[in-house]
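# Observations on the three-dimensional arrangement
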Amino acid sequence: MGSGAHRRAFAAVALLALLALLAAAAALAGFKPHHDYPVGSEALDVRVGKLAGSRASDLAVSNRADNTVSVLRGKSDGSFAAAHDYPAGQGPFGLAIADFNRDGRKDIAAADQNGSGGVALLLAKKKGGFSHQTFPAGAGSSYLAAADFNGDHKVDVAVANLYSNNVSILLGDGHGELKPPKNVGGLPSPFGIATADFNRDGKADLAVVVANPNRVAILLGKGNGRFRAPKFITFGAGLNYVLAGRIDQGHTADLVATDYGNDEVDVLRGKGDGTFGTPRPFAAGISPAVVTTLKYNGDSRPDLAVTDNDTPGTVSILRATGNGKFAAPEEFTVGDDPYGIATGRFNSDRRDDLATANYNKTASVLLGH
C-alpha cells in the first residue's frame, strides 16, 4: 500500500473515531438533579457573572415582589452560598451585569417595572456588597440591555418600557451614573430586548419584542446613542423574549424569540445587513418564557435551553442539528414556575451549566455531566 493510501486510510479511521466520540458525548449529555436555593418573591430573571471580584461564577436574581436583587456567591464545586438581598428600586425585573463605573468590578443593572419605572444600578463595593441608585426611564420598565451605544467606551443601558410604548436609552458617564433618557417611540408594548451588531458596521443595534401585533422591531444604531427608525418582523402568537447571538456558527448575529402562544421558539438567521431570514419555528415545551444558548452535547454548535413557564418546573433543551435547525426538546426538571434562565460554568468540569429564576422563590442550578 502506498503512502497516499496509508494517509487516506488513517484519515478515514480518525474520522470514524471522531464521529464515535461525538456520538458518545451526545449520548452522555445531560444534567445532574437540580439543586434549589431560596431567593425572593416573584423571582423573574437570573444572570451569571463574577461579581465583586469573585473567582467563581455568581448568580444575580431579580425579586420583583420584594424590590430586591439576590446575589448568590459561587463556590468552586458548583454550589452556591445563601443569597444576600440588595435593594433595587420598585419591582426589579430584567437584569444585566457590566462594569458601569470602570473600577474593574462587575455591577448589576435592574429594570424597575413598578412605580414610574426606571433603572436601578447596584454598584459593587470594594469590600463587598452593593450600593444602589435609581434613574428614571419609562413606565413598566421590563427588560434591558447593556452596551456602548455612543462609542465612548462607557457602558450604556437600553430599557424596554411596557406601558410607555418606547425604549429609553440611558447613556453612562463611566462613573456609575446614567444620563437622562432619550426615548425611541413607536414601539407598542415593548418587552424583551437584545443588543448585537446586526449589520456589521461596528455599532450596537437593538432587537425589541413588541405587541399588537406580535413583532420584533430592529433598530440599527447610528453610533451616537441614536437609532434609525424601527423595521418590524411580524410572526408568532405570543412573543415574550428575544436573544441575539450566533446560532449557526456563521459570522452574523441571529435572533431567537420565545413564543408562548405557539409553544415554540423562532429562529431568525441574520443576513449581515440588518435584515433577517424567515422565522423558523421549533417546539419548545409549554409556554416558553426565556431562552439561552449553551454547549450541551460536546459539539461546536450552540444548543438552546428554554424555560417552560406553565409547568411544575421544566427546562427544554433543543440540540442544534446544523443550518439553524434544532431537534425535538428534551426536558429536565427544575423548581416550580421557572422563568429566567442563564448559562454558566459553575464548577471545574468545563461543561456548561444552567441556572433558572423560579417564580416560587427559588433559583435552580443544573450542573451538566
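Residues numbered from 1 in each chain as written. Predicted model: local features only at pLDDT ≥ 70, side-chain atom pairs only at ≥ 80, totals over all residues. Heavy atoms only, no water.

Looking now at the overall build of the protein. Scanning the protein from terminus to terminus reveals 1 helix and 30 strands. At 21 Å, the protein has a C-alpha radius of gyration in line with the 21 Å of a compact globule built from 369 residues. Projected onto its principal axes, the C-alpha positions of the protein cover 75 × 45 × 40 Å. Split into buried and exposed, the 369 residues of the protein put 55% on the buried side. Sequence-distant contacts in the protein: of pairs separated by 6 or more residues, those separated by 24 or more amount to 43%. Carbon and sulfur atoms form 51% of the exposed surface of the protein, whose accessible area is close to 15300 Å². In the protein, which carries 37 positive and 37 negative side-chain charges, the distance between the mean positions of the two groups comes to 8 Å. (Helix = DSSP H or I, 4+ residues; strand = E, 2+ residues; numbered from the N terminus. Rg over C-alpha atoms; globule rule 2.2 N^0.38 Å. Buried < 20%, exposed > 50% of the residue type's maximum accessible area, 1.4 Å probe, protein only. Contact = heavy atoms within 4.5 Å. Areas by Shrake-Rupley, 256 points an atom, 1.4 Å probe, with all protein chains shown as cover. Lys, Arg positive; Asp, Glu negative; His and termini not counted. Charge placed at Lys NZ, Arg CZ, Asp CG, Glu CD.)

Before going further, it helps to examine the packing of aromatic side chains. Here a ring pair, both rings aromatic, is described through the centre-centre distance and the interplanar angle of the planes. In total, this model carries 14 aromatic pairs according to the counting rule given. On the basis of an interplanar angle of 75° and a centroid distance of 5.2 Å, the ring pair of Tyr143 and Tyr241 is categorised as edge-to-face. Here the residue Tyr143 occupies a position in strand S10 (residues 141-147), and Tyr241 occupies one in strand S18 (residues 239-245), the gap between them amounting to 98 residues. The class of Tyr241 is buried, set by a relative accessible area of 6%. Summarising the aromatic geometry, the rings of Tyr296 and Phe332 are spaced 6.2 Å apart at their centres and angled 70° between planes, so their arrangement reads as edge-to-face. Of the two residues, Tyr296 sits in the loop between strand S22 (288-294) and strand S23 (303-308) while Phe332 sits in strand S27 (residues 330-333), which places them 36 residues apart along the sequence. Across the pair, Phe332 and Tyr296 agree in class, each one buried. Stacked on the ring of Phe232, the Lys or Arg Arg215 has its end atom at 4.1 Å from the ring centre. (Phe/Tyr/Trp six-rings, centres within 6.5 Å; stacked < 30°, edge-to-face > 60°. Lys NZ or Arg CZ within 6 Å of the ring centre and 35° of its normal.)

Right, let's get into the layout of surface pockets. Taken as a whole, the largest pocket holds about 480 Å³ of empty space. Forming the boundary of the largest pocket are 21 residues, of which Arg47, Leu95, Leu144, Tyr241 and Leu243 lie nearest the centre. Among the elements of the structure, strand S2 (43-49), strand S6 (92-98), S10, strand S14 (193-196), S18, S22 and strand S28 (338-344) are those that each provide at least two residues to the lining of the largest pocket. (1 Å grid on protein atoms, 1.4 Å probe; cavity = no way out; pocket = protein on both sides within 12 Å on 5 of 7 lines; lining within 4 Å. Points joined across faces, edges and corners; volume = space filled by probe spheres on them.)

On to the nonpolar core. Ile169, Ile193, Leu206 and Leu354 are the most contacted members of the largest nonpolar core, which has 52 residues in total. Residue contributions to this core peak at 4 residues, all from S22. Ignoring any residue separated from it by four or fewer positions in sequence, one finds Ile193 in contact with Tyr143, Leu144, Ala145, Ala158, Val159, Ala160, Val167, Leu206, Ala207, Val208 and Val242. Of all hydrophobic cores here, the second largest spans 17 residues; its members include Ala196, Leu220, Phe235 and Leu239. (Core = buried A, V, L, I, M, F, W, Y, C linked by side-chain atoms within 4.5 Å.)

Pairing is antiparallel in the open sheet, where 4 strands are placed in the order S10-S11-S12-S13. The outermost strands of the open sheet, each flanked by one partner alone, are S10 and strand S13 (182-184). Between one strand axis and the next, the sheet turns through 25° on average, direction left out of account. Here strand S11 (residues 156-161) pairs with strand S12 (residues 166-170) via 5 bridges, running antiparallel. Opposite Asn161, over in S12, you have Asn166 as the bridge partner. (Pairing = 2+ DSSP bridges. Axes fitted to C-alpha atoms, helices over the stretch in contact; angles between N-to-C directions.)

What follows is about the sheet that holds S18. Ordered in space as S18-S19-S20-S21, the 4 strands form an open sheet in which the pairing is antiparallel. The open sheet has two free edges, formed respectively by S18 and strand S21 (280-283), since each of these has just one partner strand. Adjacent strand axes in the sheet meet at a mean angle of 25° when their direction is disregarded. The sheet contact formed by S18 and strand S19 (residues 254-259) spans 5 bridges and is antiparallel. Bridged to Leu239 within S19 is Asp259.

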